[in-house]
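# Structural features, examined
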Amino acid sequence: MNNKARWFYLLPYVLWIGLFVITPILLVVYYSFFDLHGNFTLANYEKLFTFVYMKMIASSFWYAFLITAFCLIIAYPAAYFITKTKYKQLLLLLVILPSWINLLLKAYAFLGIFSTDGAANNFLEAVGIGAQQILFTDFSFVFVSVYIFIPFMLLPIFNALDKLNPALIDASRDLGASAWTTFRKVVFPLTLSGVKSGVQAVFIPALSLFMITRLIAGNRVITLGTAIEQHFLVTQDWGMGSAIAVFLIITMVVIMIVTGTRKRGVQ
Amino acid sequence: MTKEVIIRFDHVTKRYDNDAVVLDHVSFEIERGKFYTLLGPSGCGKTTILRLIAGFTEASEGDIYFNGKRMNNVPANKRQVNTVFQDYALFPHLNVYENVAFGLRIKKVKNSEIDRRVKEALRFVNLSGYEKREITEMSGGQRQRVAIARAIVNEPEVILLDEPLSALDLKLRTEMQYELRDLQKRLGITFIFVTHDQEEALAMSDEIFVLNQGKIQQSGTPTDIYDEPINRFVADFIGESNIVPGKMIRDFEVEFAGKVFECVDQGLNQNESVDIVIRPEDLEITSWNEGKIQVKVDSQLFRGVHYEMICYDEAQNEWLVHSTKKATVGEKIGLNFEPEAIHVMRLGETEEEFDKRLESYQEAGYEQ
């Protein structure tokens, strides 16, 4: 009786995981072992280790690293500031609000802002610098990506900072630590779990960004995500696309393990 | 040993957001090597005083002196005081050893010296062998000791304790009271202890400051405060008491409950209205005829060491009596007391006036 009920409640979860997580992964792994003509092969994985693909993987990681780093540099102080204000819930909401808007809409908005006669260039001309090519550059790509990912970095850091017992900061000061030492030895170590969650939430999706690469970076930046998309939709080489996807999945798992939060001493 | 003032508050006022006054022109002196208690109900300003000494908050007005030097603007990390926090505020990411070593590491003390002092501090609080434990593995009482060790290891001149026993159960709390008192004696460091528990204050302190609504109501030794409360608030807050309105007929004669009694107080105006305090344990049960006051027993509780009864006299004044003798509810009995048991409190008397009256006991009519 009890067992039956448990199975009943478990069913939606099992179905979901089976249909939308396990099956697709198995399919991707399966496809990755076939070439364009449907023959079993390991060539896709061999190709992955050629110079062209290694370079693409490296640049993917580099951009993901840049995006994550900028997100962290902006989000940590911002989260710190927000926890110190009176209206922290409101301010947090304002930061999070843009993430509710469709990604595509935001990308198009930036197309307008960064275009040759866009608001950004109008401003640059007004201050005397003159119009620049902003769209389709590395800068615009990283900028828009950071803009999109910031809420995902900020939220876990905010939560970690907000949970931090303020008496610990008093205690540190009381024991002779300056504000900076207190941050280094108490605040940062105790909010590291939030930083790790934020890095996970930004770095992993940033590796597989593809729409922004086309719209904002004009295909000048090729990430793993772009490569997968091209293989599936343009060259129809599903095998190669799957092999890259498998590589991406393995990378994600590794990152999850590396940044996994060790629960130590946090009550 | 000569009396040496280590901390002095000079008309210190603290208010938040320009309206609520938390401390109202508070002045006092703290002498080196004594155990002080700041006692009062929640919101009386006792914790604010502690935070002002520690440097976590700034005074709105007035001066705070430490060893004769004004220290209003000295940041918390440059002050020679350490705090034991109410919730201990131990660092959850560090083990017991590193928690205690925190202050020494910041002062860049040599590793061998740190090791020696941390182990000594832990031995002092009976926690030798717990160095490698995580904070989460420690019980409430043990965390309390770690917090104390973390404070004393820095050898501060003053240790501030912010209701450190309030989270412990009764048995452990009593145990820690003895240990803290003992620790303070052994170390010879000045302790400033904040509590709302009057028994704790009476048991541990050399000197008590009773606070209410941002003002020090009375300061003195536990016996002084218990035996000679200055006003209704102190009498009520420290121990249990019977407070009834009365009138000072002349020196050594006071009227309350419709009768005139002999007392030991003098120096008040003739026919001045006063409050009378008699402690429940000073009232003795006797027969209706032999009693100084005649009352009817309204209810009775067995408290273990004594019976606690509530009685009413003819004027409907309530009398709380602690007696080892038993009475019957509804019975009419007499209450007896010594003249010394009557404590006369002037209405609205300040602490200075009160002290002056106690000291002089000669001239009358100097007030206002």
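Residues numbered from 1 in each chain as written. Chains lettered and ligands numbered in written order. Predicted model: local features only at pLDDT ≥ 70, side-chain atom pairs only at ≥ 80, totals over all residues. Heavy atoms only, no water.

### Remarks on the packing of helix α4 (residues 88–96) of chain A against helix α7 (residues 138–163) of chain A
Each pair of packed helices can be summarised by the angle the axes make with each other and by the distance between the axes. All names here are of chain A. In the contact formed by α4 and α7, the axes pass within 10 Å of each other and the chain directions differ by 160°. The orientation of α4 with respect to α7, classified from their angle, is roughly antiparallel. In the crossing of α4 with α7, the sense of the turn from one axis to the other is left-handed. Across from Lys88, Leu92, Val95 and Ile96 in α4, the residues of α7 making contact are Pro151, Leu154, Leu155, Phe158 and Asp162. (Axes fitted to C-alpha atoms, helices over the stretch in contact; angles between N-to-C directions. Helix = DSSP H or I, 4+ residues; strand = E, 2+ residues; numbered from the N terminus. Parallel < 35°, antiparallel > 145°, perpendicular 65-115°, else oblique. Left-handed = near helix turned anticlockwise from the far one by under 90°. Contact = heavy atoms within 4.5 Å.)

### Brief notes about the packing of helix α3 (residues 51–84) of chain A against α4 of chain A
Residues and elements named next belong to chain A. Interhelical geometry of α3 versus α4 gives an angle of 150° and a closest axis separation of 8 Å. In terms of orientation, α3 lies roughly antiparallel with respect to α4. The chirality of how α3 crosses α4 is right-handed. Two secondary-structure elements touch here, α3 through Phe81, Ile82 and Thr83 and α4 through Lys88, Leu91, Leu92 and Val95. By residue class, the composition of the contact of α3 with α4 is five nonpolar, one polar and one charged. (Nonpolar A, V, L, I, M, F, W, Y, C, P; charged D, E, K, R; others polar.)

### Some points on the packing of aromatic side chains
Under the criterion given, the structure shown has 36 aromatic pairs over all chains. Aromatic side chains phenylalanine 110 of chain A and phenylalanine 114 of chain A sit 5.4 Å apart centroid to centroid with 45° between the ring planes, which places their arrangement in the tilted category. Remark: phenylalanine 114 of chain A and phenylalanine 110 of chain A occur in helix α5 (residues 103–114); sequence separation between them is four residues, near one turn of the helix. In this pair, the class of phenylalanine 110 of chain A matches that of phenylalanine 114 of chain A, namely buried. Ring centres of phenylalanine 110 of chain A and phenylalanine 143 of chain A lie 6.1 Å apart, and the angle between their planes is 75°; this geometry places the pair in the edge-to-face category. Remark: phenylalanine 143 of chain A occurs in helix α7 and phenylalanine 110 of chain A occurs in helix α5; sequence separation between them is 33 residues. Its relative accessible area of 39% is what places phenylalanine 143 of chain A among the partly exposed residues. Three or more aromatic residues joined by ring pairs form one cluster here, namely Tyr30, Tyr31, Phe33, Phe34, Phe40, Tyr45, Phe232 and Trp238 of chain A. Its end group placed over the ring of phenylalanine 91 of chain B, arginine 150 of chain B keeps NZ or CZ at 4.9 Å from the ring centre. (Phe/Tyr/Trp six-rings, centres within 6.5 Å; stacked < 30°, edge-to-face > 60°. Buried < 20%, exposed > 50% of the residue type's maximum accessible area, 1.4 Å probe, protein only. Lys NZ or Arg CZ within 6 Å of the ring centre and 35° of its normal.)

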